[in-house]
Amino acid sequence: MFFHIKELQYNAKPDRPDAAYAKKLQEILGGQFGEISVALQYLFQGWATRCPGKYKDMLLDIGTEELAHIEMLSVMIGRLLDNAPLKDQEEAAKNPVIEAVLGGMNPQHAIVSGLGA
């Protein structure tokens with residue numbers, strides 16, 4: 001069971017938009033070893049643990065805390081992108097991978113499945 005408290009643990013607000021930094025936080029959020037992967041791994045380990053007691057509780061507590069990290073990073077990425085100048089997006093689009101993503105391509109599709117189904 002999860003409870004959502006409608007306030008962040010830390011309510012940091014950037015001084016100005018920073019699309020480049022938001023891009024770096026994306027990896028921390030959803031990359032291979034990012035917060036989303038870590039949260040799901042801890043939760044799965046906790047749910048799958050056969051032994052009752054403190055170890056199962058510890059895994060589930062850590063996984064739940066990781067969900068809070070996901071929320072904080074997601075909010076910060078959004079705040080860093082609020083009112084970001086279009087020139088930042090145009091500069092980023094000079095990278096062919098970023099250009100493909102902005103055009104709707106999913107790079108994970110190309111990397112993992114070789115463009116297959």
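Residues numbered from 1 in each chain as written. Predicted model: local features only at pLDDT ≥ 70, side-chain atom pairs only at ≥ 80, totals over all residues. Heavy atoms only, no water.

Asker: I tried to follow helix 1 (residues 19-30) on my own but got confused; where do I start?
Answerer: Helical geometry note: an α-helix holds 3.6 residues per turn, so side chains three or four residues apart project in the same direction. Given a rise of 1.5 Å per residue, 12 residues ought to cover 16 Å, and the 16 Å separating the end C-alpha atoms of helix 1 matches this to within 8%. Within the span of helix 1, buried status applies to Ala22, Leu25 and Leu29. Taken end-on, helix 1 shows its buried residues confined to a sector of 60°, consistent with a single buried face. Residues of helix 1 that are exposed and angled more than 90 degrees away from the buried face: Lys24 and Glu27. (Helix = DSSP H or I, 4+ residues; strand = E, 2+ residues; numbered from the N terminus. Expected span 1.5 Å × (residues − 1). Buried < 20%, exposed > 50% of the residue type's maximum accessible area, 1.4 Å probe, protein only. Arc of directions from axis to C-beta.)

Asker: It is not clear to me how the packing of helix 2 (residues 35-48) against helix 3 (residues 54-81) should be interpreted in this structure. Could you clarify?
Answerer: A pair of packed helices is characterised by two quantities: the angle between their axes and the separation of those axes. One way to put it is that helix 2 packs onto helix 3 with a least axis distance of 8 Å and a crossing angle of 160°. What the angle tells us is that helix 2 and helix 3 run roughly antiparallel. Relative to helix 3, helix 2 is oriented so that their crossing is left-handed. Along its contact with helix 2, which presents Glu35, Ile36, Val38, Ala39, Tyr42, Leu43, Gln45, Gly46 and Trp47, the element helix 3 presents Lys56, Leu59, Leu60, Ile62, Gly63, Thr64, Glu66, Leu67, His69, Ile70 and Leu73. (Axes fitted to C-alpha atoms, helices over the stretch in contact; angles between N-to-C directions. Parallel < 35°, antiparallel > 145°, perpendicular 65-115°, else oblique. Left-handed = near helix turned anticlockwise from the far one by under 90°. Contact = heavy atoms within 4.5 Å.)

Asker: Please explain unusual backbone geometry as it appears in this structure.
Answerer: Excluding glycine, most residues fall at negative phi; most peptide bonds, likewise, are trans. Of note, Asn83 is a non-glycine position whose phi angle comes to about 60°, a positive value. Positionally, Asn83 belongs in the loop between helix 3 and helix 4 (86-92). Under the relative-accessibility criterion, Asn83 is labelled exposed at 73%.

Asker: Explain the side chain of Thr49 here, please?
Answerer: Mapped onto the secondary structure, Thr49 falls in the loop between helix 2 and helix 3. Its relative accessible area of 19% is what places Thr49 among the buried residues. Looking at Thr49, its side chain comes within polar contact range of the main-chain oxygen of Gln45, at 2.5 Å. Not counting chain neighbours up to four residues away, the residues in contact with Thr49 comprise Lys56 and Leu59. (Polar contact = N/O pair within 3.5 Å; in protein donor to acceptor, adjacent residues only side chain to side chain.)

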